[in-house]
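Breakdown of the fold
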Amino acid sequence: MVSTSSTHALTPDELAAIVARDIPQGAYVNLGIGQPTKVADHLPEGSGVVLHTENGMLNMGPAATGDQVDPDLTNAGKVPVTELPGASYFHHADSFAMMRGGHLDVCVLGAFQVSAYGDLANWHTGAPDAIPAVGGAMDLAIGAKQVFVMMTLFDKQGRPKLVPTCTYPLTGVGCVSRVYTDVAVFDVGVDGAVVRETFGIEVGELQERLELPLS
Amino acid sequence: MSRTEVLESVDAAVAGIEDGSTVLVGGFGLAGMPFDLIDGLIRQGATDLTIVSNNAGNGEVGLAALLKAGRVRKVLCSFPRQSDSYVFDELYRTGRIELEVVPQGNLAERMRAAGAGIGAFFSPTAVGTPLGEGKEQRTIDGRDYVLEYPIKGDYALIGAHRADEMGNLVYRKTARNFGPVMATAAATTIAQVTEVVPTGSLDPEAVVTPGIFVDRVVRVDARHYTVQGAR
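Now for a look at the structure at hand. (Residues numbered from 1 in each chain as written. Chains lettered and ligands numbered in written order. Predicted model: local features only at pLDDT ≥ 70, side-chain atom pairs only at ≥ 80, totals over all residues. Heavy atoms only, no water.)

**Concerning unusual backbone geometry**
Residues and elements named next belong to chain A. Non-glycine residue N59 carries a positive phi angle of around 65°. Turning to its location among the elements, N59 is positioned in strand 4 (residues 57-63). Notably, K78 is not glycine yet its phi reads approximately 65°, a positive angle. Take K78: its relative accessible area is 9%, and that puts it in the buried class. (Helix = DSSP H or I, 4+ residues; strand = E, 2+ residues; numbered from the N terminus. Buried < 20%, exposed > 50% of the residue type's maximum accessible area, 1.4 Å probe, protein only.)

Encoded structure:
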């Protein structure tokens, strides 16, 4: 039985709180640039979660303000941040070994599209005039033990972003395990998309608006 | 006396960089960017350069200034497109610069491989994506990989925090980023630091880049620069 735990679609902060709820105690986690960064604000006190930033730091603290701003201490989005007790610094090859080597527990990423089979498209719209820029997205996509995507379920034109097959250029194949959206949470993978939870929408209506079978 | 030279000026530190060189340039955004060495390289005049760096410059300082001066033929980087990368954007859109986009982890590992004498390696990153197309693929223990080749530099320009007279380096916070890897991957590695201390005064346990990877060191004044997103 799928639970409906809200009477309305989630705000970005409510969605971040739902993702934070599902991050295991003590996990090593990388939060992607943009929306996923918000998840950090909703981790409960004493969660023991250690944040990784791919530009070379573990146990990253919150954004720096005022006198805390140090140009030598930024996150992957180049925003000044702080360090927590127990932080460590390391070079880029070690940082990506942490991902690629499967040492990170969870990575939370944004997406343009995710397929029911867990394919991810989040680096390039494929527009001919766009300057391609991948950053660490492809490494993150295949690196962590679990990859969560956080996005709205529909784009601004109302088209679903959870799709049978991605039409945008791929970032990774079969790499996403769970998709958190403003109206529902899905497990994705070899068996296709499974609804775990909905927010202010019935599964029937969800099924009508998506172009793929839900189980 | 070690083989590492501690030089008195930035101009002496970047002397001899030839036209057409491949230059690895440290930094992630502005953190760890070797500003003074790049300014020195602009004065030095080498052109037709291939630059390997994570980004393609911010604002009009550092790498962006080198691009603006028209010295760069090609950039290999992971993330050229930033809110303040207008110098690169303009060169790219008018066809005056080549771009090879490399996933960030592969960029680091390809340089690590070059520095470690590895001929090539299989990486799971970019399998099944446009950046993996045309590359030799292999399945190992049920997982798919693509073959990636080393990136070797003629020169590396890196920013570190402190050096001793033997070229041992320590870094500061996330300004470390690509510095240690690039130092291993170039025929000649040039480091700018804000302090050079006498040999024996760095804790050997805390040295990040051993002096064997560093050919030239120059002390520069700490530079205060603004950062994106500072508030």
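**Observations concerning the sheet that holds strand 11 (residues 169-170) of chain B**
All names here are of chain B. Spatial strand order, 11-10-13: 3 strands in an open sheet with mixed pairing. The open sheet is flanked by strand 11 and strand 13 (195-197), the only strands paired with a single partner. For strand 10 (residues 162-164) and strand 13, the ladder comprises 3 bridges, and the chain directions are parallel. From the neighbouring strand, A163 faces strand 13, where its bridge partner is V196. (Pairing = 2+ DSSP bridges.)

**Let's talk about the environment of E45(A)**
All names here are of chain A. Relative to the elements of secondary structure, E45 occurs in the loop between strand 2 (28-31) and strand 3 (50-53). Looking at E45, the relative accessible area reads 83%, which means it is exposed. Distance in space between the C-alpha atoms of E45 and D129 is 45 Å, their sequence separation being 84 residues.

**Thoughts on the interface of chain B and chain A**
With 49 residues of chain B at the interface, the matching set in chain A holds 44 residues. Both sides of the chain B and chain A interface together cover about 3800 Å² of buried area, and 60% of this is carbon and sulfur. Summed over the shared surface of chain B and chain A, the result is 3 salt bridges. Two residues, R172(B) and D70(A), come together in a salt bridge whose shortest N-O distance is 2.5 Å. Among the elements that make up the side of chain B that touches chain A, the one with the highest residue count is helix 5 (residues 104-116) of chain B (6 residues). Partitioned by chemical class, the residues of the side of chain B that touches chain A number 23 nonpolar, 16 polar and 10 charged. (Contact = heavy atoms within 4.5 Å. Buried area = accessible area lost by both parts, 1.4 Å probe. Salt bridge = Lys/Arg side-chain N within 4 Å of Asp/Glu carboxyl O. Nonpolar A, V, L, I, M, F, W, Y, C, P; charged D, E, K, R; others polar.)

**Quick notes on the pattern of salt bridges**
Going through the model one piece at a time under the given rule, you end up with 23 salt bridges over all chains. Between R21(A) and E197(A) there is a salt bridge whose closest N-O contact spans 3.0 Å. Of the two residues, R21(A) sits in helix 1 (residues 12-21) while E197(A) sits in strand 13 (residues 194-198), which places them 176 residues apart along the sequence. For R21(A), a relative accessible area of 46% puts it in the partly exposed group. Across the pair D48(B) and R73(B) runs a salt bridge, and its minimum N-O distance is 3.5 Å. Residue D48(B) is located in the loop between helix 2 (35-44) and strand 3 (49-52), and its partner R73(B) is located in strand 4 (residues 72-77); the two are separated by 25 residues in the primary sequence. Among the residues examined, D48(B) registers a relative accessible area of 38% and is labelled partly exposed. By relative accessible area, which is 37% here, R73(B) ends up partly exposed.

**Focus on the sheet that holds strand 4 of chain B**
Residue and element names in this part refer to chain B. On the basis of which strands lie adjacent, the open sheet formed by 8 strands has the order 1-14-12-9-2-3-4-5 and parallel pairing. Of all strands in the sheet, those bounded by a partner on one side alone are strand 1 (5-7) and strand 5 (98-101). In this sheet, neighbouring strand axes are inclined to one another by 20° on average, regardless of whether the strands run parallel or antiparallel. Pairing of strand 4 with strand 5, which is carried by 4 bridges, proceeds in the parallel orientation. Residue pairing across strands places K74 opposite E98, the latter belonging to strand 5. (Axes fitted to C-alpha atoms, helices over the stretch in contact; angles between N-to-C directions.)

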